[in-house]
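# Residue-level structure breakdown
What follows is each chain in one-letter form.
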Amino acid sequence: MSSNIKFTLQATDDGKEVFTAPLSYDALANIVSNYPDHDDSNELFLLAARHPAATVRENVAYKDHLSVEVIDILAKDTSVAVLRNLVRSNAFREHATHEMLEKLINLDIEIAQSIANYIESFQEADVIKLANLLATHVDPSVAGSLADNYSTPKKILKKLLTHPDPYVANAAKARLEN
């Protein structure tokens, strides 16, 4: 994050600046939220990913068309809300490494559940290795999310049949029967 970046609202008339005012973090968060989610928007997203306000970074993190540079910045964020949004982003799912995912799984239960819910969409990760990590998570709700996912490999579902939590075991059984 850089505290040197200043965002301003500017109006011009016939190419001449007629109005300039600083943007609050709240106004910028709204602009980022409503800004088109396209690859050519990454210049703004890169700058906003460095903003000191977590609400601005949260609105960048849920975008589906982020560059690897923006993903790398946001993956190191200290705000759990930013990281929760990032894990749900298609761009993150395309580029997340196993190391990134493992760190996030150990950081927050909701993030771990999201990863379990979308395990098949993490293109750079070994699904079996990732699923084994999620299946042995200390919080049974993470294994429950994994058991509820139709894309969880059968090998992992069979392992979950013997899980000590009845919900997890029953969910794995139901998934295997469908």
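For clarity, every value in this text was computed on a predicted model and none was experimentally measured.

## Some points on the pairing of strand β2 (residues 16-22)
Strand direction decides the pairing type here: strand β1 (residues 8-13) and β2, joined by six bridges, are antiparallel. Looking across to β2, one finds that Asp-13 is bridged to Lys-16. Where β1 folds back onto β2 in an antiparallel hairpin, the turn is made up of two residues, including Asp-14, whose phi is positive at roughly 55°.

## Thoughts on helix α7 (residues 98-107)
By the burial criterion, the buried members of α7 are His-98, Met-100, Leu-101, Leu-104 and Ile-105. Axial view of α7: buried residues confined to an arc of 155°, hence all on one face. Opposite the buried face of α7, at more than 90 degrees from it, the exposed residues are Glu-99 and Asn-106.

## Here's the deal with unusual backbone geometry
Backbone geometry places Asp-14, a non-glycine residue, at a positive phi of 55°. Residue placement: Asp-14 occurs in the loop between β1 and β2. A relative accessible area of 82% places Asp-14 in the exposed class.

## Let's talk about the pattern of salt bridges
Enumeration over the complete set of coordinates arrives at five salt bridges. The partner of Arg-84 in a salt bridge is Asp-108, with the nearest N and O atoms 2.8 Å apart. Taken as a pair, Arg-84 in helix α5 (residues 80-87) and Asp-108 in the loop between α7 and α8 (109-117) lie far apart in primary sequence, 24 residues in all. You can call Arg-84 partly exposed: its relative accessible area is 26%. Under the relative-accessibility criterion, Asp-108 is labelled buried at 12%. With a closest N to O distance of 3.5 Å, Arg-84 and Glu-110 form a salt bridge. Linking Arg-84 in helix α5 with Glu-110 in helix α8, this pair joins segments that are 26 residues apart in sequence. A network of salt bridges, in which partner residues are shared, links Arg-84, Arg-88, Asp-108 and Glu-110.

## Side note on a nonpolar patch on the surface
A cluster of nonpolar residues, Leu-9, Val-18 and Phe-19, forms a patch on the protein surface that exposes about 280 Å² of accessible area. Structurally, the position occupied by Val-18 is in strand β2. Judged by relative accessible area, which is 53%, Val-18 ranks as exposed.

Scoring rules and cut-offs
- Residues numbered from 1 in each chain as written.
- Predicted model: local features only at pLDDT ≥ 70, side-chain atom pairs only at ≥ 80, totals over all residues.
- Heavy atoms only, no water.
- Pairing = 2+ DSSP bridges.
- Helix = DSSP H or I, 4+ residues; strand = E, 2+ residues; numbered from the N terminus.
- Buried < 20%, exposed > 50% of the residue type's maximum accessible area, 1.4 Å probe, protein only.
- Arc of directions from axis to C-beta.
- Salt bridge = Lys/Arg side-chain N within 4 Å of Asp/Glu carboxyl O.
- Patch = residues over 30% accessible without salt bridge, like charges linked within 9 Å, V, L, I, M, F, W, Y side chains within 5 Å.
- Areas by Shrake-Rupley, 256 points an atom, 1.4 Å probe, with all protein chains shown as cover.

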